Amino acid sequence: MPIRPLPIRSKWWQLRPLLTRRVVAGLLLAALVGTAVQIGLSSAWAAPAGQDWPQWRGPGRDGIWRESGIVETLPAELPVKWRAKVSNGYSGPTVASGRLFITDRVTEPQQQERVHCFDSETGKPLWSYAYECVYKGVSYPNGPRAAVTIHDGRAYALGSMGNLHCLEAATGKVLWAKDLYTQYQVRLPDWGIAAAPLVEGDRVVVMVGGSPEACVIAFDRKTGQESWKALKDGASYSAPGIFEQAGKRVMICRTAERIVGLDPKTGALLWEHPYPSQMNVDGITAPIVENGLLYFSSVYEGSLALRLATDRMAVEKVWEANPRTPDATKGMKTLLSTPILRGGHVYGIDYFGELRCLDALTGDRKWEEKGIMPRATWASAHLVEQATTGGPRTWIFNERGQLILAKLSPQGYQELGRAQLIAPTRGQLNQRGGVAWSHPAFAYGHVFARNDEELVCVDLRRK
């Protein structure tokens, strides 16, 4: 039985003696012209200056932070602006309209997944929504994986067992909900449902591995009515993305068996290329594209570069480097972190935590940096690029909870500072002293990160 959201509201009735007819008339007029009137109500505050981070990997779903006025070097210590308590989960935070959204899981007194909303400026809890969710066959059962997607005043939250909720972002009110595991007979991947929801036009799209032929499903984002479903494949953990090809918008997805291009309006298959996910634990990195070159990386299948045709819906292989490739210096094997594709080069994290630079057209290694974090199996760091007038810089959040600022170029790696942002915890991985595997958010000149115990906010604006 779902537990009702518990929004935190101001006591507006205490203002009743002050609300004269003239004030009331003024408020009504302001509402009609769309002016936000600040009278202490919880839903009426101005969003902070700067850019939202409303979905997985940012506004463009591309891992790029497009804000100016940010520090150019990183001090050894980062003063935390605020902290907020959360429980276990792998999902990273998202931020929109002055609110931060995150999901987690508790097991006492019953198994529940929860969606939380905080004030992004103060860390004050605004509302929480919890629902019963018993994990069945989820390896590493530490909580939800998918980041909450915020669009048009709605929050789309997808849990590890396929519970999809559309919530009113300001209050937590449930607008519609789906039990996809039951409704679509989901064949659950080993690590549960993980790909973040994608909003495209009037639809919200999820990858869940349902049947029959319901690997990818699109719903009307306002009503929850099914728009289309496609593919008989099993699900991967890779979040779909939208890209331009031959003058059309194409949804690129990696399933458990292949990479596909779908028509986002109908779900029709436009093209495909084999790229199977071994052991059902691979297939996490999101699709990245530059100048028609599509790149994927995974641990067991290695690197793959495809060329998107410009005159038709088709792809062709440019190069591939997998564990069976004789040249061990070619490509990279990435598990958790989506690489950066920029200027004809790929920057990404290899299997044991090395940062590598590849020639995007050949896969040949240009350089390797081993000082990002201690060497370990599945060692990971999230890469977020910041576009600046002085050239791109890269924010690296490694699994030790450190935030690193660096310049990455074909010539090499230049570190501009690093500091401890948050402590690693043992819930996500009870090895090597714990990890911090959740993707951070960058919004309003701040960075937001979580572990299994807390959220932290740090101001990165240049003073």
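The shown structure was predicted, so the numbers you read here are calculated from the model rather than taken from an experiment. (Residues numbered from 1 in each chain as written. Predicted model: local features only at pLDDT ≥ 70, side-chain atom pairs only at ≥ 80, totals over all residues. Heavy atoms only, no water.)

Peer 1: Got a minute to help me understand the overall build of the chain in this structure?
Peer 2: Looking only at helices and strands, the chain features two helices and 33 strands. Partitioning the intrachain contacts of the chain with sequence separation of at least 6 by distance along the chain shows that 55% fall at a separation of at least 24. When the accessible area of the chain is evaluated, it comes to approximately 19,200 Å², of which 52% is carbon and sulfur surface. (Helix = DSSP H or I, 4+ residues; strand = E, 2+ residues; numbered from the N terminus. Contact = heavy atoms within 4.5 Å. Areas by Shrake-Rupley, 256 points an atom, 1.4 Å probe, with all protein chains shown as cover.)

Peer 1: In this structure, what is going on with the sheet that holds strand β4 (residues 99-106)? I would like to understand it.
Peer 2: Picture the strands of a sheet paired through backbone hydrogen bonds; they go either parallel or antiparallel. Reading across the sheet, the four strands line up as β3-β4-β5-β6 and stay open at both edges, with antiparallel pairing between neighbours. What marks the edges here is a single partner per strand, and that holds for β3 (94-96) and β6 (125-132). Within the sheet, the average angular offset between the axes of one strand and its neighbour, ignoring direction, is 20 degrees. Bridge analysis of strand β5 (residues 112-119) against β6 gives seven bridges, and the strand direction is antiparallel. Residue His 116 lies in a different strand from β6, and its bridge partner there is Ser 128. (Pairing = 2+ DSSP bridges. Axes fitted to C-alpha atoms, helices over the stretch in contact; angles between N-to-C directions.)

Peer 1: Any chance you could explain the pairing of strand β13 (residues 214-220) here in plain terms?
Peer 2: Residues in a regular strand project their side chains so that they alternate between the two faces of the sheet. In terms of residue burial, β13 counts as a mostly covered element, since six of its seven residues are buried. Sheet topology note: the strand β12 (residues 203-210)/β13 ladder contains six bridges and is antiparallel. Its bridge partner lying in β13, Arg 203 is registered against Asp 220. Between the end of β12 and the start of β13, which pair antiparallel, lie three residues, with Glu 213 showing a positive phi angle near 50 degrees. Summarising the sheet, β13 and strand β14 (residues 226-230) pair through four bridges and their orientation is antiparallel. In the strand pairing of β14, Ala 218 is matched with Trp 228. (Buried < 20%, exposed > 50% of the residue type's maximum accessible area, 1.4 Å probe, protein only.)

Peer 1: Any chance you could explain the nonpolar core here in plain terms?
Peer 2: One broad rule of soluble globular proteins: the nonpolar side chains tend to lie buried together. One finds Phe 101, Trp 127, Leu 180, Val 206 and Phe 219 to be the most contacted residues of the largest nonpolar core, which totals 36 residues. Within the residue set of this core, elements represented by two or more residues are β5, β6, β8 (154-158), β9 (163-168), β12 and β13. (Core = buried A, V, L, I, M, F, W, Y, C linked by side-chain atoms within 4.5 Å.)

Peer 1: Please clarify how the confidence of the model for the chain should be interpreted in this entry.
Peer 2: As a general rule, the predicted coordinates of low-pLDDT regions are not to be interpreted in detail. This prediction gives the chain a mean pLDDT of 90; 89% of its residues lie at or above 70. For the stretch residues 1-45, pLDDT sits under 50, and the model shows 48 contacts to residues farther than four places along the chain or on other chains. (pLDDT = per-residue confidence, 0-100.)

Peer 1: Would you explain the pattern of salt bridges in this entry?
Peer 2: A side chain with one charge may pair with a side chain of the opposite charge, provided their charged atoms come close. In total, this model carries 24 salt bridges according to the counting rule given. Here Arg 462 makes a salt bridge to Glu 72, at a shortest N to O gap of 3.7 Å. Pair noted here: Arg 462 is in the segment after β33 (454-459) and Glu 72 is in the loop between β1 (64-65) and β2 (80-85), with a separation of 390 residues, a long-range link. Here Asp 152 ties to Arg 154 by a salt bridge, and the two come within 3.6 Å at their closest N and O atoms. Shared partners join several salt bridges into a network, and the residues in it are Asp 350, Arg 356, Arg 365, Glu 368 and Lys 370. (Salt bridge = Lys/Arg side-chain N within 4 Å of Asp/Glu carboxyl O.)

Peer 1: Sorry if this is basic, but what is going on with the environment of Arg 426 here?
Peer 2: Looking at the element boundaries, Arg 426 is found in the loop between β30 (412-420) and β31 (441-443). As for Arg 426 and Asn 142, which are separated by 284 residues in sequence, their C-alpha atoms are 9.8 Å apart. In this structure, Arg 426 is in contact with Gln 431, Gly 433, Gly 434 and Asp 452, ignoring residues within four places of it in sequence. Here the side chain of Arg 426 touches Asn 430 through a polar contact of 3.1 Å, side chain to side chain. (Polar contact = N/O pair within 3.5 Å; in protein donor to acceptor, adjacent residues only side chain to side chain.)

Peer 1: Could you clarify how one ought to interpret the sheet that holds β8 in this entry?
Peer 2: Strand order in the open sheet made by the four strands is β7-β8-β9-β10, with antiparallel pairing throughout. Since the sheet does not close on itself, it has two edges, and those belong to β7 (149-151) and β10 (174-179), each with one partner. Here the average twist between neighbouring strands, direction ignored, is 15 degrees. Of the pairings in the sheet, the one linking β9 to β10 comprises five bridges and is antiparallel in character. Residue Leu 164 lies in a different strand from β10, and its bridge partner there is Lys 178.

Peer 1: What should I look at first to understand the packing of aromatic side chains in this one?
Peer 2: Describing an aromatic ring pair means giving the distance of the ring centres and the angle of the ring planes. Applying the stated rule across the entire model yields 17 aromatic pairs. Between Tyr 275 and Phe 296 the ring centres are 6.2 Å apart and the planes differ by 55 degrees, which places this aromatic pair in the tilted class. With Tyr 275 in the loop between β18 (269-274) and β19 (288-290) and Phe 296 in strand β20 (residues 293-298), this residue pair connects regions lying 21 residues apart in the sequence. Through a chain of ring-to-ring contacts, three or more aromatic side chains come together here, namely Trp 53, Trp 65, Trp 395 and Phe 442. Looking at Arg 105, its charged tip hangs above the ring of Tyr 135, at a distance of 3.8 Å from the centre. (Phe/Tyr/Trp six-rings, centres within 6.5 Å; stacked < 30°, edge-to-face > 60°. Lys NZ or Arg CZ within 6 Å of the ring centre and 35° of its normal.)

Peer 1: Teacher, can you tell me more about the side chain of Ser 91 here?
Peer 2: Tracing the chain through its elements places Ser 91 in the loop between β2 and β3. Engagement of the side chain of Ser 91 in a polar contact is seen with the side chain of Thr 103, the distance being 2.7 Å. Not counting chain neighbours up to four residues away, the residues in contact with Ser 91 comprise Ile 102, Thr 103, Pro 144, Arg 145, Ala 146, Ala 147, Ser 438 and Arg 450.

Peer 1: How should the pairing of strand β16 (residues 248-254) be read in this particular structure?
Peer 2: A large share of β16 lies buried, amounting to five of its seven residues. In this sheet, β16 lies alongside strand β15 (residues 241-245) in antiparallel orientation, the contact comprising five bridges. Counterpart to Ile 242 in the pairing with β16 is Met 251. Linking two consecutive strands that pair antiparallel, namely β15 and β16, is a turn of two residues; a positive phi of about 50 degrees is found at Ala 246 within it. Bridge count between β16 and strand β17 (residues 258-262): four bridges; the pairing is antiparallel. Across the sheet, Met 251 pairs through a bridge with Leu 262, a residue of β17. Where β16 folds back onto β17 in an antiparallel hairpin, the turn is made up of three residues.

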